[in-house]
Amino acid sequence: MKSRTKTWMFVGLLTVAVAAGLNFGFRVSSPEASAQDNNFDNKKIVPFVPSPQEVVDKMVELAGVKKGDVVYDMGSGDGRIVIAAAKKGARAVGFEIDGDLVKESRENIRKAGVQNLAEIRQQDILTVDFSPASVVTMYLLPDVNLKLKPNLLSQLKPGSRVVSHSFDMGDWKADKVERVDGRTIYLWIVPAKKR
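Residues numbered from 1 in each chain as written. Predicted model: local features only at pLDDT ≥ 70, side-chain atom pairs only at ≥ 80, totals over all residues. Heavy atoms only, no water.

(A) Structural view of the packing of aromatic side chains. Counted according to the given criterion, the structure contains 4 aromatic pairs. Ring plane angle 25° and centroid distance 6.4 Å describe the contact between tyrosine 139 and phenylalanine 167, whose orientation is recorded as stacked. One end of the pair, tyrosine 139, is in the loop between strand 4 (135-138) and helix 6 (142-155); the other, phenylalanine 167, is in the loop between strand 5 (161-165) and strand 6 (176-180), and 28 residues separate them in sequence. The exposure class assigned to phenylalanine 167 is partly exposed, which follows from its relative accessible area of 23%. (Phe/Tyr/Trp six-rings, centres within 6.5 Å; stacked < 30°, edge-to-face > 60°. Helix = DSSP H or I, 4+ residues; strand = E, 2+ residues; numbered from the N terminus. Buried < 20%, exposed > 50% of the residue type's maximum accessible area, 1.4 Å probe, protein only.)

(B) Focus on the environment of serine 154. Assignment of secondary structure puts serine 154 in helix 6. Assessed through its relative accessible area of 49%, serine 154 is described here as partly exposed. Taking the C-alpha atoms as reference, serine 154 lies 8.7 Å from serine 131; in sequence the two are 23 residues apart.

(C) Examining the pairing of strand 1 (residues 70-74) more closely. Counting buried residues along strand 1, 4 of its 5 residues qualify, which places the element largely inside the surrounding structure. When strand 1 meets strand 2 (residues 91-96), the two strands line up parallel, connected through 5 bridges. Following the sheet pairing, valine 71 is matched in strand 2 by alanine 92. Handedness of the crossover joining strand 1 and strand 2 through helix 4 (residues 80-87) is recorded here as right-handed. Of the strand pairs in this sheet, strand 1 and strand 4 are connected by 4 bridges, and their pairing is parallel. The partner of methionine 74 across the bridge, within strand 4, is methionine 138. (Pairing = 2+ DSSP bridges. Right-handed = clockwise from strand over helix to strand, strands pointing away.)

(D) Structural view of helix 3 (residues 53-62). Inspection of helix 3 places Val55, Val56, Lys58, Met59, Val60 and Leu62 among the buried residues, and these make up the whole buried set. Looking at the buried positions of helix 3, the neighbouring elements they touch are helix 4, strand 4, strand 5, strand 6 and strand 7 (183-189). (Contact = heavy atoms within 4.5 Å.)

In structure tokens, the structure reads:
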């Protein structure tokens, strides 16, 4: 009897949450949704949870972002890391799969006045070619970091910097670890290629 009551309580709470418009990382799509949107929705592998501005600033600082850098932000969300990097004079590119977040971040870039240095591409982060980047930033999940690690190591030039909020890269030990407001930020510097 108790488990049935708990089940109904959960269903009731979920119904109230959905009615209130809370987002649990899934979306009910209309039949009119385009095939491309559905294709991108199926590839979402990380929910959008924004990094606090203090963390964004520390990530950009830790990576030493400066004019002449090309910064790639994986899962760029509302564009806050891209904007922060562009304000440092870097060419900043965000990769985001959620069409609503792409629109929002492009508008945020316009409002910040950095559209000459910043852009957002609607693209699956697992398909990104990292070779143009000198800095890669991310706030993903541990398994996604590990999926990206081989490409980061093989495509980035030696000396390129990788910064992750909260999650490490398994056996690739960070060159530096810092904490901001109880959150951990990792920095890796891509080593020289082995001959």
